[in-house]
Structure formats: C-alpha cells, structure tokens
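# Understanding the architecture of this molecule
So you can see what is in the structure, the chains are spelled out below.
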Amino acid sequence: MSILVVGTVAFDSIETPSGSAERILGGSASYFAMGASFFAPVRIVGVIGRDFPDEYIDLFRRRGIDLEGLKRESGDTFHWRGRYHEDLNVRDTIELHLNVLSGFVPELPESYRDAEYVFLGNIDPEMQLEVLRQIRCLRLVACDTMDHWINNSLEALRRVLGKIEMLVVNDSEARLLSGESNIVRAARAILKMGPKTVLIKRGEYGVLQFSDSSIFAVPAYPLEEVFDPTGAGDSFAGGLFGHLARSGDPAERGLRRAIVYGSVVASFTVEDFGVERLKALSIEDIEERYRRFVALTDFQT
Ligand code: AMP
C-alpha cells in the first residue's frame, strides 16, 4: 500500500542551542517521506528550484522514494530559517521565502491518482485541496498545518478540515485554530470542524490523540540530548502513516501502534541536524526502539 505526500521540499537554515546549520535539506514532505520510507513506498508531490542539489535527489532515491510528482521549476527552492529557544518547544521563524512554491499548482502524475493513504503536509491549504481533487480512491487522508496558514488562509483550511479523517497539529496550532486555550477543549472544537481524529503534538511531552469516543496519550521517548527538533512533527506523521500503510489497520488499536511508531521515528530525527540521523537509520533500529518504548509505558492495571 503506497503513501502520497504533498508538502514542502526545502532548504532549512537552523539555529538551536546545540549549534547551527545552513541550507540543509528540509521541508514537510522531505521529513515525512524519509520517515515513512522505512515502512512502505512513498510518493512526493512538491516543487523544487534549479538550485536544489542532486545529492538530495539521490538521497530520496536511495530510500526508494518516488519523485515523479516532484517538479523542478526555474527559480529558487523554498527556504525557511528558524531559531529555537533554550526551551526547544519554542521556535521563531526568522525568514520564509516561498520562492518556487508561490503560484505552484500541484499536478499529480497518472500513476499517483490511485493513492489510498494521503498525507497533506504543511503547505498552502489551496494546494492541499488541489491534490484531493485529483485523487480517485481515498482511504485515509490526514493533514498538517501551521500558524502561518491558520492566520492567512483560514477559509481554505476549514474546507480541507471538512474533507479529512485526521488532523496532526502541535498544541499552539490547536489553540490558535480553535480559539480555546485548554487543549482538551481545543481538540473537541477541532473534531467538530470535520476530522474524526485529532493528534496534538506536544514536543518533548509527547502526543495526545482525540476522537469522539477516546483519548490516548503517548510520551516522547526520553533523550538526554536533543540537537534539532526540526522535522519531528513531519517525521512523526511519516512513521505513523508508514505503519498504517504497512499494517493496513487504521482501526483504534492499529492507530495506537502507529502513533508509537511515529514517536519512535521522531525521536531519531531530533538526535541530529536535519535528516542526518534518518539517513543512517534501519528498520531494525526502529523496531528495537519500539520495543523499548513499549517497555517504557508498560504497567499492570
Ligand atoms: P516541523 O518541525 O515538523 O514542524 O516542520 C519543519 C519543516 O517545516 C521545516 O523543514 C521547514 O522547511 C518547513 N516549513 C517551515 N515553514 C513552513 C511553511 N510556512 N509552510 C510549509 N512548510 C514550512
């Protein structure tokens, strides 16, 4: 079962308390695809500029990621510059250059249109809607977004929310979108906007999953050092979707396991800058940390 992701493929320039990196591979689709590629085939829909290096294309290829839907346009690649505070849950966007992304209209290759597992990564909600229009047989659609789109494209985002099963957002985005400061109330308000499941990412405090009938909580894997939190959310979604596609079981129990797999993949991502740690990872490493994760949360009732 293959997965389709639309999102940014970017250059990121990042400063964290542990160091900095200039123009490294980033973007919501890149992190998602890298995370999901350990479990199932992934196809990317996105756009890059002339300046995007072959080295990164080769990296995607080595992970078996299908790039037919990744367009190269004349112009520069999307570039994001961010700085993290001492509290790594807080970051500021210093620069955001949409470049080739502005005006991009996603066009899915014919071979992508039968996608069943679709992840609408963090990108303009109009582009997310355009992707949905072109897909024939949807089985599971999830979406991510961020403050930039909630503040600037709320109407289109509300239309996306009416069409998806699952929303994946962080806690501050959930508060902004719902207008509720309490996270449980925020999740309840978002469930009324359309999605059947809301996953709220809380950085080092883990993830909460809300549906009409249940709440599920997973901690973040405890790490002694976090180098760069960028991409934690996207690679979390990648691991989650990867496991869902691999198992074909999106019901409650399968979804809970998938949330733990997503948390495992995210825990590796933050151990180094950009996608460095994911590059060196194997599915065996993931399975081993999954078992440790189960032990971490195991207790007798
Ligand atoms: P995450 O840390 O998982 O929330 O996602 C970080 C990624 O989001 C970075 O690699 C950035 O390139 C990308 N990003 C930052 N701002 C935006 C934006 N406005 N739209 C889409 N992607 C963005």
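Refer to the structure printed above.
As a starting point, this report considers the structure included with it. (Residues numbered from 1 in each chain as written. Predicted model: local features only at pLDDT ≥ 70, side-chain atom pairs only at ≥ 80, totals over all residues. Heavy atoms only, no water.)

## Quick word on the overall build of the chain
The cut-off we apply is this: Segments assigned H or I by DSSP are reported as helices when at least four residues long, segments assigned E as strands when at least two residues long, and all are numbered from the N terminus. When we talk radius of gyration, it's over C-alpha atoms, and the globule rule is simply 2.2 Å times the number of residues to the 0.38. Buried residues are those whose accessible area, probed at 1.4 Å on protein chains only, stays under 20% of the maximum for their type, while exposed residues exceed 50% and partly exposed ones sit between those limits.
Helix and strand counts for the chain come out as eleven helices and 13 strands. By the compact-globule yardstick of 19 Å for 301 residues, the chain fits well, its C-alpha radius of gyration being 18 Å. Across its three principal axes, the chain shows a C-alpha extent of roughly 60 × 40 × 35 Å. Buried residues in the chain amount to 55% of all 301 residues.

## Considerations on the site of the ligand
Our working definition: It suffices for a single heavy atom of a residue to lie within 4 Å of a molecule or strand for the residue to be listed as near it. We define a polar contact as two N or O atoms separated by no more than 3.5 Å, with the added condition that, inside protein, one atom must be a possible hydrogen donor and the other a possible acceptor, whereas residues neighbouring each other in sequence contribute only through side-chain atom pairs. Throughout, the Shrake-Rupley method with a 1.4 Å probe supplies accessible areas, and for residues the shown protein chains are the sole cover considered. The nonpolar class holds Ala, Val, Leu, Ile, Met, Phe, Trp, Tyr, Cys and Pro. Asp, Glu, Lys and Arg form the charged class, and all remaining residues, Gly among them, are polar.
Residues in close proximity to the ligand total 18 residues, the closest being Asp12, Gly27, Arg91, Gly231 and Asp234. Within the backbone of Gly231, an N or O atom sits 2.8 Å from an oxygen atom of the ligand. Between an oxygen atom of the ligand and a main-chain N or O atom of Gly233, the distance comes to 3.2 Å. Relative to its free-state accessible area of 510 Å², the ligand is covered by the protein chains to the extent of 94%. If you list the elements that add at least two residues to the shell around the ligand, you get β2 (10-16), β7 (91-97) and α8 (232-247). Considering every element that reaches the shell around the ligand, the biggest residue donor is α8, with three residues. In terms of residue class, the shell around the ligand is made up of eight nonpolar, seven polar and three charged.

## Considering the packing of aromatic side chains
Stated precisely, the cut-off is as follows: Pairs were defined over the aromatic rings of Phe, Tyr and Trp, the Trp ring being its six-membered one, requiring ring centres within 6.5 Å. Orientation was assigned from the angle between planes: stacked under 30 degrees, edge-to-face over 60, tilted for the rest. Cation placement over rings: the criterion is NZ of Lys or CZ of Arg within 6 Å of the ring centroid and within 35° of the ring normal.
This model, assessed by the stated rule, comprises ten aromatic pairs. Between Tyr117 and Phe241 the ring centres are 6.3 Å apart and the planes differ by 90°, which places this aromatic pair in the edge-to-face class. With Tyr117 in strand β8 (residues 117-120) and Phe241 in helix α8, this pair connects stretches of sequence that are 124 residues apart. In this arrangement the basic side chain of Arg23 is found over the ring face of Phe11, its NZ or CZ atom lying 4.3 Å from the centre.

## Some points on the pattern of salt bridges
To be explicit about the condition: Here, a salt bridge means any Lys or Arg side-chain nitrogen found within 4 Å of an Asp or Glu carboxyl oxygen.
Throughout the structure, instances matching the rule amount to 19 salt bridges. Residues Arg23 and Asp51 are paired through a salt bridge, measuring 3.5 Å at the closest nitrogen-oxygen approach. In this pair, Arg23 sits in strand β3 (residues 19-26) while Asp51 sits in the loop between β4 (42-48) and α2 (54-62), placing the two residues 28 residues apart along the sequence. Given a relative accessible area of 37%, Arg23 falls into the partly exposed group. Salt-bridge contacts for Arg185 lead to Glu180; the nearest nitrogen and oxygen are separated by 3.2 Å.

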